[in-house]
Amino acid sequence: MNPTALMIMLLSLAIGTTMTLMSHHWLLAWIGLEINTLAIIPLMTKTPHPRAIEAATKYFLTQASASALILFSATMNAWKTGEWSIILLSDPYTITLSMALMMKLGLAPLHFWLPEVIQGIPLSTGLILSTWQKIAPMTLLLQISHLTDLKLLITMGLTSILIGGWGGINQTQLRKVMAFSSIGHLGWMVLILKFNPQLTLFNFLLYLTMTAAMFFSLMLISSTKISEISSSWPKSPILVTTMMLVLLSLAGLPPLTGFSPKLLIILELAKQNTLLLASVTMLASLLALFFYLRLTYVMILTLPPHIPPSSTHWRTTKNSPLTATMTTLALLIFPLSPTFLLII
């Protein structure tokens, strides 16, 4: 892609998200979401492949449907209440707006577009779709969290955790695995949204960090299939080791970063006297743990760590300070969790 066009698209993404973050008016928030949607489509189709065109078409249709529902609900709410403010919503339109925002995020059962779209686009665009594109809808959900329906959030959250675990078990494509991982993590966030929005924000920030670290690592070794990462140990053993640890962090194993939000969410659910919900959530998360452990097994334990003595050209990998920074954050934030919660 032309560097000037790429810069314009990335700038449009930044402007769209910033506009949504700064707005307290539904129409401005909707415009920011539309700018975001339109700016990422050329990035999806920068490699003119039929799969990429199909992914961009699916993404556009899904996002356009969700945006139309947001605009319709906001207009009807303004007609009823006389206010366009985001935090002033009347009862029937809160549910439709919540569903539309969850559709934009890719929460189950409105998730069917997400794995197919991420599978059809390059890793760099998949990184943007899994991280940056989630910021604006999640911010709007956080702003209306006090008005949302608790039963809806619990149903969508539990369904997303289950679908995120079941869907990722039999996948051989890494991008689809990351898509189902995203669905599962968003389920955890939505589950606690009504009880503790600050905890949802904390979980979201850690999700962005861990997902970005994983995508940056995959981009460095140019792997999109499980069979490719199974043979990547001799090429870059240190990078593959850190990738394994990032996967375990995404799974939520202590003492890595990903354990922190899961621990705090379970404690919050227990504090709210929803022990059955906490138990079902922990059991459902074992499905996701299985496919994360499967990936780490394929990466580290299926081939002996045999490193040739010669430093051949094919073993040299590019070092990225950004990848190193994100990986460090994705692994070592757990002891700092109380400090981050105080800041948030």
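Treat the numbers as computed from the prediction; the structure is a model and nothing was measured.

## What to know about the overall build of the chain
Turning to step 1, where the next piece is worked out: When helices and strands are tallied, the chain shows 16 helices and zero strands.
Turning to step 2, where the next piece is worked out: Compactness check: the chain gives a C-alpha radius of gyration of 20 Å against a globular reference of 20 Å for 344 residues, within 12% of the reference.
Turning to step 3, where the next piece is worked out: Principal-axis analysis of the C-alpha atoms gives the chain an extent of 75 × 50 × 35 Å.
Turning to step 4, where the next piece is worked out: Burial analysis of the chain (344 residues in total) assigns 53% to the buried set.
Turning to step 5, where the next piece is worked out: Considering only contacts within the chain whose residues lie at least 6 apart along the sequence, 79% involve residues at least 24 apart.
Turning to step 6, where the next piece is worked out: The chain carries 17 positive and 8 negative side-chain charges, and their two centres are separated by 13 Å.

## Description of the environment of I266
Turning to step 1, where the next piece is worked out: One can find I266 in helix 13 (residues 259-271).
Turning to step 2, where the next piece is worked out: When its relative accessible area of 17% is taken as the criterion, I266 is described as buried.
Turning to step 3, where the next piece is worked out: For the pair I266 and L208, spaced 58 residues apart in the sequence, the C-alpha separation amounts to 20 Å.
Turning to step 4, where the next piece is worked out: When near neighbours in sequence (up to four residues on either side) are disregarded, I266 contacts W188, A278 and M282.

## Comments concerning the domain arrangement of the chain
Turning to step 1, where the next piece is worked out: Domain boundaries in the chain define domain 1 (9-133) and domain 2 (149-306 + 317-343).
Turning to step 2, where the next piece is worked out: Placing a centre on the C-alpha atoms of domain 1 and another on those of domain 2 gives a separation of 23 Å.
Turning to step 3, where the next piece is worked out: Each partner contributes residues to the interface: domain 1 has 24 residues there, and domain 2 has 27 residues.
Turning to step 4, where the next piece is worked out: Interface area, domain 1 with domain 2, both sides summed: about 2,200 Å², of which 79% is carbon and sulfur.
Turning to step 5, where the next piece is worked out: The interface formed by domain 1 and domain 2 includes one salt bridge.
Turning to step 6, where the next piece is worked out: With a closest N to O distance of 3.4 Å, E116 and K176 form a salt bridge.

## Side note on the packing of helix 10 (residues 197-221) against helix 15 (residues 321-332)
Turning to step 1, where the next piece is worked out: Relative orientation of the contacting elements helix 10 and helix 15 amounts to 140 degrees, with a least axis distance of 8 Å. Classified by the interaxial angle, the pair formed by helix 10 and helix 15 is oblique. Where helix 10 crosses over helix 15, the two elements pack in a sense that is left-handed. Contacts between helix 10 and helix 15 involve T209, M210, A212, A213, F216, S217 and L220 from the first element and L322, T323, M326, T327, L329 and A330 from the second.
Turning to step 2, where the next piece is worked out: Counted by class, the contact of helix 10 with helix 15 contains nine nonpolar, four polar and no charged residues.

## Here's the deal with a nonpolar patch on the surface
Turning to step 1, where the next piece is worked out: The grouping of M1, L6 and L10 at the surface amounts to a nonpolar patch, some 240 Å² of accessible area in total.
Turning to step 2, where the next piece is worked out: Structurally, M1 can be placed in the segment before helix 1 (3-22).

## Description of the UniProt feature "domain: NADH:quinone oxidoreductase/Mrp antiporter transmembrane" (unreviewed entry) in the chain
Turning to step 1, where the next piece is worked out: Under the UniProt annotation, "domain: NADH:quinone oxidoreductase/Mrp antiporter transmembrane" (unreviewed entry) lies at residues 23-287.
Turning to step 2, where the next piece is worked out: Along residues 23-287 the backbone is 76% helical and 0% strand, and the end-to-end C-alpha distance reaches 38 Å.

## Concerning the UniProt feature "transmembrane region" (unreviewed entry) in the chain
Turning to step 1, where the next piece is worked out: The sites that UniProt annotates as "transmembrane region" (unreviewed entry) are residues 110-132, 152-170, 201-224, 236-256, 276-301 and 322-343.
Turning to step 2, where the next piece is worked out: The span residues 110-132 carries 74% helix and 0% strand; its end-to-end C-alpha distance comes to 19 Å.
Turning to step 3, where the next piece is worked out: Summarising residues 276-301: 100% helix, 0% strand, and an end-to-end C-alpha distance of 36 Å.

Cut-offs applied
- Residues numbered from 1 in each chain as written.
- Predicted model: local features only at pLDDT ≥ 70, side-chain atom pairs only at ≥ 80, totals over all residues.
- Heavy atoms only, no water.
- Helix = DSSP H or I, 4+ residues; strand = E, 2+ residues; numbered from the N terminus.
- Rg over C-alpha atoms; globule rule 2.2 N^0.38 Å.
- Buried < 20%, exposed > 50% of the residue type's maximum accessible area, 1.4 Å probe, protein only.
- Contact = heavy atoms within 4.5 Å.
- Lys, Arg positive; Asp, Glu negative; His and termini not counted.
- Charge placed at Lys NZ, Arg CZ, Asp CG, Glu CD.
- Domains from an automatic or database assignment.
- Buried area = accessible area lost by both parts, 1.4 Å probe.
- Salt bridge = Lys/Arg side-chain N within 4 Å of Asp/Glu carboxyl O.
- Axes fitted to C-alpha atoms, helices over the stretch in contact; angles between N-to-C directions.
- Parallel < 35°, antiparallel > 145°, perpendicular 65-115°, else oblique.
- Left-handed = near helix turned anticlockwise from the far one by under 90°.
- Nonpolar A, V, L, I, M, F, W, Y, C, P; charged D, E, K, R; others polar.
- Patch = residues over 30% accessible without salt bridge, like charges linked within 9 Å, V, L, I, M, F, W, Y side chains within 5 Å.
- Areas by Shrake-Rupley, 256 points an atom, 1.4 Å probe, with all protein chains shown as cover.
- UniProt positions renumbered as here; feature names shortened; annotations may be inferred.

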